[in-house]
Amino acid sequence: MSQAENFPPESPEEAALSGTLAASLSLRQRAGGFIVPLITVVIAFLMSGFVVLATGHNPLLAYRDIFDGAGLNWIFHPTTNLASTAAYNLTQTLLQTTTLILTGLAVAFAFRCGMFNIGGQGQYFIGLIVANWLGYDFAHMSPFPHILICIVAATLAGAAYAGIAGFLKATVGAHEVITTIMLNWVAIWVGSWLFGDGGPLQNASDKTVPISNDVADSAKLPVFWGQQLLQGLDIGIFIAIAALVVFWALLNRTTTGYEVRAVGFNPESAAYGGINVKKNLIRAMAISGAFAGLAGALDMLGYLYHYGQNDIPLSSVGFLGIAVALLGRNTAVGVGLGALLFGALLFGTTHGLTSTVIKPELAGNLTYIIQGLVVLFIGADVLILYIWNSRRKLRRPRGAKAAEAATA
Amino acid sequence: MSDGVVLEMRGIRKVFPGVVANDDVSLDVRVGEVHALLGENGAGKSTLMNILYGLYHPDAGEILLNGKPVAFGSARDAIRAGIGMVHQHFMLIPVMTVAENIVLGTEPRDGIFLDERGAERRVRELSQQFGLVVDPAALVADITVGQQQRVEILKALYRGADVLILDEPTAVLTPQEARELFSIIKNLQADGKSIIFISHKLNEVLEIADRITVLRRGKTIETVSAQGATEASLARAMVGRDVLLRVEKKPAEPGDVLLAVEELHVKDDRGIEKVRGVSFEVRAGEIVGIAGVDGNGQTELIDAITGLQKIESGRIVVGGREVERASAREMLDLGVGHIPEDRQRRGLVLEFSIAENIALHDYADPPDAKWGWLFPRRLVQRAARLIKEFDVRGGGPLTRAGGLSGGNQQKVVAAREISRDPKVLIAAQPTRGLDVGAIEYLHRRLVTERDRGRAILLVSLELEEIFSLSDRILVIYEGEIAGEHTGEVSEELVGLEMLGGRERSAA
């Protein structure tokens, strides 16, 4: 008890000086709203710079090219004219950002309820599949209701799919990390079957190609910057930004969010407070899945329109969402910025880098190197906190038991 | 060195941004002395000891060891100089043996291997020399908390400590283990070791210490000899005013039965029956105290009454309404308030603000919320009012609960429970780990609430607390009521019943 009495220390200043791991971590946790993620990114870029250097190229040039390639130089000469390369690049970066915001939220929401949702990828596929199916099948509808039905159904499907993991955790205590990973594989193989040769969702015109049908025009999201045929920027980005606001409001301004945070911080206190912990586990997981399902719908209706069996293993937006959420510290603003960073990296490295700046075969990998390093640094921090917390939880009962034994 | 002073700290000052933690603090420790460092939470005891142990650098002042000035850059320097510290939370590795833990960092070697036998032998020698009984070959995970503490002490001795700092050593111990610790301390003392004993428990300090230094708000108030000091004089020095160690209360005027428990049976999470046919009543305007050694079913009894644990059989009647299979939510709505025994693990969400914690039961009801929408400003307004009423110090409505001292955390819990106007208030270990000022406040408050007509069920491991507050005393032993007393009763009899003595003497 008295050990807990001292934790956390009375002031962050004291914590920093007391030199214990927990104390310094709790300080970082509190002071590190923006500082820690920023430092993490800077270190990741520095270390990746060494990788570039090792290949005999100039890291600064490489980063400038990624910056330009992602269209971020657009802010220096803003124009809506897509003849400008910068403007075009920016639209593509923002398409990636849209997806990552939502897959990031899918991880962040579960985190706030004390769970680690690794199933964003699977939930994303479910959304993608449902949106493709309804987008093709209900072709006679007028645009607005058609889009609405596709989005709502895909979101609910993602929620239901993630809800399975929440339900298993609440009822039989199956760990959500295991179940969501397994559900990823289920979604991947279901998608492969649906879009593959002879699959129910394979395209009607050419049965030799394992690709789905295109969604009907009435299901396509309006493109407001660029042209639909040239993969312009659709209104999905606004829906994603709205989702950030919803995420924030849901957590901080509703009783649901209060319960989610209470359960996430301390399930025992939550139960004592009269909160139904099991219900919250299921509900939080479902809300997480809803974000990922929405991501799938927006991608399908916004610019993909169809999906190939061979694309399935290549997609990693669900996993990138983990990095986005970790970097963004599971907050709305953080996830938004994290998604922009990774969106820019994804597009910037594939399109911006020329062979004079970096070896082409390394270009795409640079994103993953930076991503890996970010996850490593942030993940290490979170992991240490996690271990520390569970150690704290474990130690008390054992101490109490030992005391009991001694008095008996 | 001439007057036998082994350690002297002079004019120590340590400032953290915004807080003067130590201000011109002086302390001298003699050879073979038990020197108690007494003060409320936040008085600067820990800061001072962390400076001595090399964890902090003082902003001013000096440390003299055997008359020579020293400066410790790290704990390693302090250890090398012969200073050992046993922290409140032990720094042991559970999967390693006692001997391995003790020699860690300075292992005797046999070639490149750890000399396991040699290590165990050295530990055995040390443990015999000081009467610290512990099995060197046992795994730390398998031994009791009291034994773990001995391992920590042995670790310090193994590294050659002459001055041993014990930071609230009895806080984690049972009364029996505390006794044993005291005899160990006597042995160490006889061997010429000096001990700095940090505590805020007055009776302990008076029992074990030779001299006592009292700190208050970062300043040395006085250093006195334990002989001649009394609990009252020490409390006054600690708090800075006279403290009522005994609770003043009028005789109870019991009214209607607000809580009745009949033939209650409850199993714990492992399926072991911990409450075995308990029956009692608590009336409006009385405090019923449940005395007992930890682990005799108190926790399960409370959890059953508050809806946190399922009932096997029996009845619970709250305010005339019988409840079966009630959830925690229903019990709250029926008017059962609960100050839980572990405020950090259960009573509070430490990461939440004070305002959010105060809303823990009512966050979903008007005026806090409507149709699922939360109104944070109303939470804050209510918290601000209660912070004032319950004299919570150290922060405002938006302060994280985890940043408050233990006493203030408990006041937040009490504020929340009492402000809900409960018919029945269950107070489990309400003053555990608190300093005298906070204890006084909570005790007075419980009596006030009694006089307002609430039925109060007090569960405590501290007999003193039970005796000073209760109008009626129940003794619980192995899940059954082993005795009931109204009016005068001796502590000895209750103590005997707590250990199942009546059973044994009857047999």
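Source: prediction; values computed, not measured.

Rules used in this analysis
- The written sequence of each chain sets the order in which its residues are numbered from 1.
- Throughout, the order in which chains and ligands are written sets their labels, letters from A for the former and numbers from 1 for the latter.
- Given that this is a predicted model, residues contribute local features only at a pLDDT of at least 70 and side-chain atom pairs are listed and counted only at 80 or more, while totals for whole chains, interfaces and linings are drawn from all residues.
- Strands are runs of DSSP state E lasting at least 2 residues, helices are runs of H or I lasting at least 4, and numbering of each runs from the N terminus.
- It is over C-alpha atoms that the radius of gyration is taken, and the globule rule equals 2.2 Å times the number of residues to the power 0.38.
- Buried means a residue has 20 or more other C-beta atoms within 10 Å of its own C-beta, exposed means 12 or fewer, and partly exposed covers the counts in between; C-beta atoms are placed from the backbone.
- Residues are treated as contacting if the C-beta atoms built from their backbones sit within 7 Å of each other.
- Two strands are counted as paired when DSSP detects at least two bridges linking them.
- In this description, a line fitted to the C-alpha atoms serves as the axis of each element, helices being fitted only across the stretch in contact, and the angle between N-to-C directions of two axes falls anywhere from 0 to 180 degrees.
- What makes a crossing left-handed is the near helix being turned counterclockwise from the far one by less than a right angle; a clockwise turn instead makes it right-handed.
- Our arc is simply the arc of the directions from the helix axis toward the C-beta atoms.
- Orientation labels follow simple angle bins: below 35 degrees gives roughly parallel, above 145 gives roughly antiparallel, 65 to 115 gives roughly perpendicular, and whatever is left gives oblique.
- For this scheme, ten residues count as nonpolar: Ala, Val, Leu, Ile, Met, Phe, Trp, Tyr, Cys and Pro. Four count as charged, namely Asp, Glu, Lys and Arg, and the remainder, Gly too, count as polar.
- The start and end points of each domain follow an automatic or database-based domain assignment.
- pLDDT measures the predictor's confidence residue by residue and takes values from 0 up to 100.

### Digging into the overall build of chain B
Here comes step 1: For chain B, the count of helices and strands is 18 helices and 24 strands.
Here comes step 2: In terms of C-alpha radius of gyration, chain B reaches 25 Å, essentially the compact-globule figure of 23 Å for 507 residues.
Here comes step 3: With the C-alpha coordinates of chain B rotated into their principal frame, the extents come out at 70 × 55 × 50 Å.
Here comes step 4: Counting the 507 residues in chain B, one finds 51% classified as buried.
Here comes step 5: Within chain B, residue pairs in contact and separated by at least 24 positions form 67% of the contacts whose partners lie at least 6 positions apart.

### Quick notes on the overall build of chain A
Here comes step 1: When you go through chain A residue by residue, the secondary structure sums to 16 helices and two strands.
Here comes step 2: With 408 residues in all, chain A has 50% of them scored as buried.
Here comes step 3: Taking the intrachain contacts of chain A between residues at least 6 apart in sequence as the baseline, contacts between residues at least 24 apart amount to 71%.

### Here we look at the sheet that holds strand E24 (residues 480-486) of chain B
All names here are of chain B.
Here comes step 1: Read across the sheet, six strands follow the order E18-E21-E22-E15-E23-E24 without closing on themselves; strand pairing throughout is mixed. Of all the strands in the sheet, the pair left with one neighbour each is strand E18 (336-339) and E24. The average angle at which neighbouring strand axes cross in this sheet is 20°, direction not considered.
Here comes step 2: Pairing of strand E23 (residues 472-477) with E24, which is carried by six bridges, proceeds in the antiparallel orientation. Bridge pairing in E24 links Val475 to Gly483.

### Re the packing of helix H7 (residues 120-137) of chain A against helix H8 (residues 143-172) of chain A
To describe two helices that pack against each other, one gives the angle between their axes and the distance between the axes.
All names here are of chain A.
Here comes step 1: Closest axis-to-axis distance for the H7/H8 pair is 8 Å, and the angle between their directions is 150°. For the pair H7 and H8, the crossing hand works out as right-handed. On the side of H7, the interface is formed by Gly122, Gln123, Ile126, Gly127, Val130, Ala131, Leu134 and Gly135, while H8 contributes Ile149, Cys150, Ala153, Ala154, Thr155, Ala157, Gly158, Tyr161 and Ala162.

### Some words on helix H8 (residues 231-239) of chain B
Residues and elements named next belong to chain B.
Here comes step 1: If you check which residues of H8 are buried, you get Leu234, Ala235 and Met238. Projected down its long axis, H8 carries its buried residues within an arc of 100°, all on one side.
Here comes step 2: If you follow the buried residues of H8, they end up packed against strand E3 (34-38), helix H7 (202-208), strand E11 (211-216) and helix H15 (436-451).

### Brief notes about the sheet that holds strand E5 (residues 68-70) of chain B
Residues and elements named next belong to chain B.
Here comes step 1: In spatial order, the strands read E2-E1-E4-E5; together these four strands make up an open sheet with antiparallel pairing. Here the strands that pair on one side only, and so sit at the sheet edges, are strand E2 (19-30) and E5. Each strand of the sheet is rotated relative to its neighbour by a mean of 25°, with strand direction disregarded.
Here comes step 2: Relative to strand E4 (residues 60-65), strand E1 (residues 5-16) runs antiparallel, the two sharing five bridges.

### Section: the pairing of E3 of chain B
Regular strands place their side chains on alternate faces of the sheet.
Residues and elements named next belong to chain B.
Here comes step 1: Counting buried residues along E3, five of its five residues qualify, which places the element largely inside the surrounding structure.
Here comes step 2: Alternating positions in E3 separate into two faces, Val34, Ala36 and Leu38 on one and His35 and Leu37 on the other, with burial throughout.
Here comes step 3: Judged from the four bridges that link them, E3 and E11 form a sheet pairing that is parallel. Directly across from Leu37, in E11, lies its bridge partner Thr213.

### What to know about the packing of helix H10 (residues 236-253) of chain A against helix H11 (residues 255-265) of chain A
All names here are of chain A.
Here comes step 1: Running from N to C, H10 and H11 point in directions that differ by 75°, and their axes come no closer than 5 Å. Classed by the angle they form, the pair H10 and H11 counts as roughly perpendicular. Taken together, the residues of H11 that come into contact with H10 (itself represented by Leu250, Leu251, Asn252 and Arg253) are Thr256, Gly257, Val260 and Arg261.
Here comes step 2: Among the residues making up the contact of H10 with H11, the classes are represented as three nonpolar, three polar and two charged.

### Section: the domain arrangement of chain B
All names here are of chain B.
Here comes step 1: Looking at chain B, the domain boundaries give domain 1 (5-239) and domain 2 (257-506).
Here comes step 2: If you average the C-alpha positions of domain 1 and of domain 2, the two centres end up 35 Å apart.
Here comes step 3: Between domain 1 and domain 2, the residue contacts involve eight residues of the former and seven residues of the latter.
Here comes step 4: Considered class by class, the residues forming the side of domain 1 that touches domain 2 number four nonpolar, three polar and one charged.

### What about unusual backbone geometry?
Here comes step 1: The step from Pro366 of chain B to Pro367 of chain B runs through a cis peptide bond, and the omega angle for that step is 0°.
Here comes step 2: Relative to the helices and strands, Pro367 of chain B is located in the loop between helix H12 (354-358) and strand E19 (369-370).
Here comes step 3: Positive phi outside glycine occurs at Asn330 of chain A, with the angle close to 60°.
Here comes step 4: For Glu478 of chain B, which is not glycine, the phi dihedral falls at a positive 50°.
Here comes step 5: Judged by the 17 C-beta atoms lying within 10 Å of it, Glu478 of chain B is partly exposed.

### What about the pairing of strand E16 (residues 313-318) of chain B?
Residue and element names in this part refer to chain B.
Here comes step 1: As judged from the five bridges shared by strand E13 (residues 257-267) and E16, these two strands associate in the antiparallel manner. What sits directly across from Val261, in E16, is Ile316.
Here comes step 2: Summarising the sheet, E16 and strand E17 (residues 321-323) pair through three bridges and their orientation is antiparallel. Bridge assignment links Val318 to a residue of E17, and that residue is Arg321.
Here comes step 3: Linking E16 back to E17 in an antiparallel pair, the connection comprises two residues, with Gly319 at a positive phi of about 55°.

### Remarks on the confidence of the model for chain A
Residues and elements named next belong to chain A.
Here comes step 1: Here chain A shows a mean pLDDT of 83. Residues at 70 or above account for 81%.
Here comes step 2: In the model, residues 1-32 has pLDDT below 50 throughout and makes 48 contacts with residues more than four positions away in sequence or in other chains.
Here comes step 3: In the predicted structure, residues 392-408 sits below a pLDDT of 50 and forms 20 contacts with residues beyond four places in sequence or in another chain.

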